Amino acid sequence: MNKKIAILGLVTAVLALAVGSNKGAYSTEASATQNCLAWERSAAGDVEDLGRPAIDRLAADEPYGQLLGDFVADECMRLNYVQVIGTHNSYHVQPRPALLSAIAAFDPLAAASFEYTHRPLDDQLGDLGVRQVELDLFADPNGGLFAVPLGPLFVPPFLPDPIKPEMLAPGLKVLHIQDIDFGTRCLTFVSCLQTIKAWSDAHPGHLPLMILVEAKDDRLALPPGLPPATVPVAFGEDELDGIDAEIRSIFADDQLITPDDVRGGRATLEEAILKDGWPTLHESRGRFLFAFDNTDAKHDLYLGGHPSLEGRVMFTSSPPGSPESAFVKVNDPVANQDYIRGLVEAGYIVRTRADADTVEARFGLTARRDAALASGAQFVSTDYPEPDPDFSTGYFVEIAADGVNARCNPVLAPPGCDSVSLD
């Protein structure tokens, strides 16, 4: 018999021994829950009978020991047991110098907050180990609404940028603020998702990726004497349905982790994550979960007619106690570290921010970053997954060296978790 197959065939038996009596009794009806308990106990050194030495002997037989460890970990580890690095406004390219200077003349704080540029999405995923991205969406049902930003008309050479054909087509567009902070690595929601999917297809088995989505329709007041800014289309039911539709146009159902998948047979989504938990890493690898950042009226509109997000693609940031609560956005990890820890321990998925508005990178401040990592939030978002050469502080956020930006969750992961084998 092939040795690799034999090793896998022994997994259940070996782990069942670890949870048997101190006489090494083995029940052929040992459940998956018992097996995972055995894995946790053996890794923690809690087993005094035959189980621990048996696992040790197999683990010493490389490469099959590594195969055994990875196999068991994926079956027992849930996706919320991991902590990863994400990026904030992952598409963002800072305004050109002349435009940034013009913005600073009337709003210096805003201009300072725009001074960051991310690599293309696939480089972030591949080279930097990012496992959560954020995309800001503007509705453009007729196409062309954002094709000619006003900003370039206000600075030398006072000419519009060349029109990009993608911006003329109907569909959701990706940018930060209309007319003034519109630089982006991917112009449309669909093109961003295509880039992410292409990277995923080339790297099967990666940790699940979260894509955080914010629907934006705020109006912009420009200084007196300037033409009025572009007026965004308000997000209504049709526009919100359009977000789900564009996601499903790129990803097949089996590539998504949706609220329906997680809820299963439970009455509410919250009941499911608190009683049954999130999918395992084995069930989640190579897949995507989408989260809706908005907590304003758009949140309620997205939820309307979809109790516990039935039929929806995205998880919403909803407070505990809500039927649809499973994901919670908590941006400030310093003021809310205990709150975040409590949410994580209870079973919710949390996204927090390690930095904001370029402050940490500009002044080399690390308290917020350190609080975010220690909080146990599964997704720690940053504008700086690598140092920015524009700032001399060297500030950036990573979980481990050598671009491995995933680790066992410091609050929730069981003792058997091995960060090295996660991704």
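Preceding this paragraph is the structure being described.
Just so we're clear, the structure is a prediction, and the values are computed from it rather than from any experiment.

Here's the deal with the overall build of the protein chain
Then step 1. In terms of regular secondary structure, the protein chain is built from 16 helices and 10 strands.
Then step 2. Within the protein chain, the proportion of its 423 residues that are buried is 52%.
Then step 3. For the protein chain, long-range pairs separated by at least 24 residues make up 72% of all intrachain contacts whose partners lie at least 6 apart in sequence.
Then step 4. A total accessible area of about 18,100 Å² is found for the protein chain, and carbon and sulfur atoms account for 54% of it.

With respect to the state of the cysteines
Then step 1. Under the criterion given, the structure shown has two disulfides.
Then step 2. What pairs with Cys186 in a disulfide is Cys192, and their sulfur atoms sit 1.9 Å apart. Judged by the sign of its S-S torsion, about 90 degrees, the bond between Cys186 and Cys192 is right-handed. For the pair Cys186 and Cys192, one class covers both residues: buried.
Then step 3. Across the disulfide, Cys408 is cross-linked to Cys417 (sulfur-sulfur distance 1.9 Å). Taking the torsion about the S-S bond as the criterion, the Cys408 to Cys417 disulfide, at about -90 degrees, is left-handed. Of the two residues, Cys408 and Cys417, both sit in the buried class.

A look at the packing of helix 8 (residues 189-202) against helix 9 (residues 237-250)
Then step 1. Where helix 8 meets helix 9, the axes come as close as 10 Å, and the angle between the chain directions of the two elements is 35 degrees. At the point where helix 8 passes helix 9, the crossing takes the right-handed sense. Of helix 9, the residues touching helix 8 (which contributes Phe189, Val190, Leu193, Gln194 and Lys197) are Ile243, Glu246, Ile247, Ser249 and Ile250.
Then step 2. Taken together, the residues of the contact of helix 8 with helix 9 sort by class into six nonpolar, two polar and two charged.

Observations regarding helix 5 (residues 97-106)
Then step 1. All buried positions along helix 5 are accounted for by Leu99, Leu100 and Ile103. Mapping the buried residues of helix 5 onto a view down its axis gives an arc of 100 degrees, with all of them on the same face. Exposed positions of helix 5 whose direction lies more than 90 degrees from the buried face are Pro97, Ser101 and Ala105.
Then step 2. Residues of helix 5 that are buried in the fold lie against helix 6 (108-113).

Digging into the environment of Asp179
Then step 1. Considering the arrangement of structural elements, one finds Asp179 in the loop between strand 3 (173-174) and helix 8.
Then step 2. Separated by 27 residues in sequence, Asp179 and Pro152 have C-alpha atoms that sit 8.4 Å apart.

Re the packing of aromatic side chains
Then step 1. Applying the stated criterion across every chain yields a total of seven aromatic pairs.
Then step 2. For the ring pair Phe251 and Phe288, a centre distance of 4.4 Å and an interplane angle of 40 degrees mean the geometry is tilted. Remark: Phe288 occurs in strand 5 (residues 288-292) and Phe251 occurs in the loop between helix 9 and helix 10 (259-263); sequence separation between them is 37 residues.
Then step 3. Between Trp278 and Phe315, the aromatic rings sit 5.4 Å apart at their centres with planes inclined by 50 degrees, giving tilted as the arrangement. Of the two residues, Trp278 sits in the loop between helix 11 (269-275) and helix 12 (281-284) while Phe315 sits in strand 6 (residues 314-316), which places them 37 residues apart along the sequence.
Then step 4. Classification of Trp278 by relative accessible area gives buried; the value is 1%.

Topic: helix 16 (residues 367-375)
Then step 1. Within the span of helix 16, buried status applies to Arg368, Arg369, Ala371, Ala372, Leu373 and Ser375.
Then step 2. Each element contacted by the buried residues of helix 16 is listed here: strand 1 (82-87), helix 14 (337-346), strand 8 (349-353), helix 15 (359-363), strand 9 (379-382) and strand 10 (406-408).
Then step 3. Gly376 sits one or two residues past helix 16 and shows a positive phi near 90 degrees.

A few points about the side chain of Asn80
Then step 1. In this fold, Asn80 is placed in the loop between helix 4 (64-76) and strand 1.
Then step 2. Looking at Asn80, the relative accessible area reads 4%, which means it is buried.
Then step 3. Apart from residues lying up to four places away in sequence, Asn80 is in contact with Trp278, Gly347, Ile349, Gln378, Asn409 and Leu412.

A closer look at unusual backbone geometry
Then step 1. Looking along the chain, the bond that leaves Pro156 and enters Pro157 is cis, with omega of 5 degrees.
Then step 2. Looking at the secondary structure, you find Pro157 in the loop between strand 2 (132-138) and strand 3.
Then step 3. One non-glycine residue, Leu309, adopts positive backbone phi at about 65 degrees.
Then step 4. Relative to the helices and strands, Leu309 is located in the loop between helix 13 (297-303) and strand 6.
Then step 5. A positive phi angle, close to 70 degrees, is found at Thr358, a residue other than glycine.
Then step 6. For Thr358, the position within the fold is in the loop between strand 8 and helix 15.
Then step 7. The class for Thr358 is buried, based on a relative accessible area of 2%.

Thresholds, definitions, all that
- Residues numbered from 1 in each chain as written.
- Predicted model: local features only at pLDDT ≥ 70, side-chain atom pairs only at ≥ 80, totals over all residues.
- Heavy atoms only, no water.
- Helix = DSSP H or I, 4+ residues; strand = E, 2+ residues; numbered from the N terminus.
- Buried < 20%, exposed > 50% of the residue type's maximum accessible area, 1.4 Å probe, protein only.
- Contact = heavy atoms within 4.5 Å.
- Areas by Shrake-Rupley, 256 points an atom, 1.4 Å probe, with all protein chains shown as cover.
- Disulfide = S-S within 2.5 Å.
- Axes fitted to C-alpha atoms, helices over the stretch in contact; angles between N-to-C directions.
- Left-handed = near helix turned anticlockwise from the far one by under 90°.
- Nonpolar A, V, L, I, M, F, W, Y, C, P; charged D, E, K, R; others polar.
- Arc of directions from axis to C-beta.
- Phe/Tyr/Trp six-rings, centres within 6.5 Å; stacked < 30°, edge-to-face > 60°.

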